[in-house]
Amino acid sequence: MAETADVPARSFPLVGRAPAKCILFGEHAVVHGGPEVLFAVDLYTQVSVRPAEHLSLNGDREPRAHHPYLGPALDRFAPVPPHLEIRTISRIPRAAGLGSSAAFVAALSAALASARGGITRAALAAECFAIERAAQGVGSPGDTSATVAGRWVSLNVGGAEPLWEISDGQRSWPVCRIADPGWSWVIGYSGIPRSTGKAVRAVSERLAAADGASLLERFRSVALRGLDALREVDPEAVGRLMEENHRLLTEVGVSHPRLEALLEAVRPACYGAKLTGAGAGGSIIALPRPGHALEAVRRLTRVGAAAFSVTVAPEGASLLEPPVRTDR
Ligand code: PMV
């Protein structure tokens, strides 16, 4: 494994790092097999891991009880030493629709897999999805694939450059690399945390209703047209399709008055904007017109959002050189 490993074998102490993600088209529908388009964002979570006398996460000595993703990750990579001191540093707001859990899982898994002899990126993506699924119970491998792969990816779209295919035993999601159109983006976090699992279950019920199939077809159509517009590097069309995707997400019940206020505030500076991720709170993504990114950030800040101007993360989950101790 070590020779072909994208994450190489190393010994402790180890530091893993993984980026946030932003969904441009197809969230929720992807859980049911619809196409999704998303990219890794240059906000990162860093996880350092070293053997210790007891297990702790940021000083918490009962972390398995308090952090739903930690236990499944440690179990998945057993036997790593059972007692580890784990510390995180993150620029990704939590429960904000930006993939903070997936980034934590990917950064930690990269470190643990490295201690176990290294891992290929495809195997790491499969492990991270299994861990997230064990913690969350529902969902697609979109977030975990984007944070492991970096740059832009699509799910459930044929014909592109294949990366890997991930299965939960019932459904399979092919994941492909797609080209970066090279634009900057603006994210606005509403400050309202939400649960991905709860939102996914609510939308799944909505999609099981009589008109569910036609709703899914509309999600599919907007994502495929979005992919074409990205390929043609056409920001006007991408912006229009983001708005169309947002209307569909509103129809399935995951918008929120705060998100609508953010969208209204940012639109004059943008080609288009929409909620991103599970919704019901969380964040919006906007495509600013050239030279208007700062204005978009200001507009969002003025209505109380935490706003970030972001670009694509060029690399997915990886190892960093651990800090060298200079005090002895
Ligand atoms: O809000 P997030 O970052 O958890 O994104 C969820 C995306 C969904 O499509 C709603 C669920 C999923 O697992 O794909």
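What counts, and at which threshold
- Residues numbered from 1 in each chain as written.
- Predicted model: local features only at pLDDT ≥ 70, side-chain atom pairs only at ≥ 80, totals over all residues.
- Heavy atoms only, no water.
- Helix = DSSP H or I, 4+ residues; strand = E, 2+ residues; numbered from the N terminus.
- Contact = heavy atoms within 4.5 Å.
- Buried < 20%, exposed > 50% of the residue type's maximum accessible area, 1.4 Å probe, protein only.
- Lys, Arg positive; Asp, Glu negative; His and termini not counted.
- Salt bridge = Lys/Arg side-chain N within 4 Å of Asp/Glu carboxyl O.
- Polar contact = N/O pair within 3.5 Å; in protein donor to acceptor, adjacent residues only side chain to side chain.
- Pairing = 2+ DSSP bridges.
- Axes fitted to C-alpha atoms, helices over the stretch in contact; angles between N-to-C directions.
- Expected span 1.5 Å × (residues − 1).
- Parallel < 35°, antiparallel > 145°, perpendicular 65-115°, else oblique.
- Left-handed = near helix turned anticlockwise from the far one by under 90°.
- Nonpolar A, V, L, I, M, F, W, Y, C, P; charged D, E, K, R; others polar.
- Phe/Tyr/Trp six-rings, centres within 6.5 Å; stacked < 30°, edge-to-face > 60°.
- Lys NZ or Arg CZ within 6 Å of the ring centre and 35° of its normal.

A. Focus on the environment of E243. Among the secondary structure elements, E243 is positioned in helix α8 (residues 235–251). Contacts of E243, omitting those with residues within four sequence positions, involve R267, G272 and A273.

B. View of the side chain of R177. With respect to the helices, strands and loops of the structure, R177 is situated in strand β7 (residues 172–178). For the buried R177, which has no salt bridge, the nearest side chain bearing the opposite charge is E161, at an N-O separation of 5.2 Å. In this structure the side chain of R177 is engaged in a polar contact, spanning 3.1 Å, whose partner is the backbone oxygen of A149. At a separation of 3.1 Å, a polar atom in the side chain of R177 contacts the main-chain carbonyl oxygen of W152. In this structure R177 touches A149, G150, R151, W152, V153, A160, E161 and L163, once residues within four positions along its chain are discounted.

C. Main features of unusual backbone geometry. Residue P13 is bonded to the preceding F12 through a cis peptide linkage, with omega at 0°. Note that the residue after A78, namely P79, is joined by a cis bond; omega there is 0°. Within the chain, R151 stands out as a residue other than glycine whose phi angle is a positive 50°. Here R151 lies in the loop between α5 (142–149) and β5 (152–155). R151 gets classed as partly exposed once you look at its relative accessible area, which sits at 40%. Phi at V233 is positive, roughly 50°, even though this residue is not glycine. Relative to the helices and strands, V233 is located in the loop between α7 (212–231) and α8.

D. Main features of the sheet that holds strand β10 (residues 283–288). Taken in spatial order, the four strands of this open sheet run β9-β10-β8-β11, and their pairing is antiparallel. Looking at which strands have only one partner, the edges of the open sheet turn out to be β9 (270–276) and β11 (306–310). Each strand of the sheet is rotated relative to its neighbour by a mean of 20°, with strand direction disregarded. Bridge count for strand β8 (residues 185–189) against β10 is four bridges, and the pairing is antiparallel. Each bridged residue has a counterpart across the sheet, and for I187 the counterpart in β10 is I285.

E. Up close: helix α3 (residues 100–115). End to end, α3 covers 23 Å across 16 residues, agreeing with the expected 22 Å (1.5 Å per residue, within 8%). Here α3 lies mainly inside the structure; 14 of its 16 residues are buried. Positive phi shows up at G117, right after α3, with a value of about 115°.

F. Structural detail: the packing of α3 against helix α4 (residues 121–136). The N-to-C vectors of α3 and α4 enclose an angle of 125°; their axes lie 10 Å apart at closest approach. As summarised for this structure, α3 and α4 are arranged oblique, according to the angle between their axes. Like other packed secondary-structure pairs, α3 and α4 cross with a definite hand, here right-handed. For the pair α3 and α4, contact is made by A102, V105, A106, S109 and A110 and by L124, C128, I131 and E132, respectively. Broken down by class, the residue content of the contact of α3 with α4 amounts to seven nonpolar, one polar and one charged.

G. Spotlight on the packing of aromatic side chains. A full pass over the atoms with the stated rule returns five aromatic pairs. Pairing F39 with W185 gives two aromatic rings, centres 5.2 Å apart and planes at 35°, and the pair type is tilted. Of the two residues, F39 sits in strand β2 (residues 36–51) while W185 sits in strand β8, which places them 146 residues apart along the sequence. Under the relative-accessibility criterion, F39 is labelled buried at 0%. Judged by centre distance (5.9 Å) and plane angle (55°), the ring pair of W183 and W185 falls under tilted. Note on W183: relative accessible area 15%, which makes it buried. Taken together, F39, W152, W183 and W185 form an aromatic cluster joined through their ring pairs. A cation sits over an aromatic face here: R17 above Y44, 3.7 Å from the ring centre.

So far we have only geometry, and geometry alone does not tell us how the molecule works.
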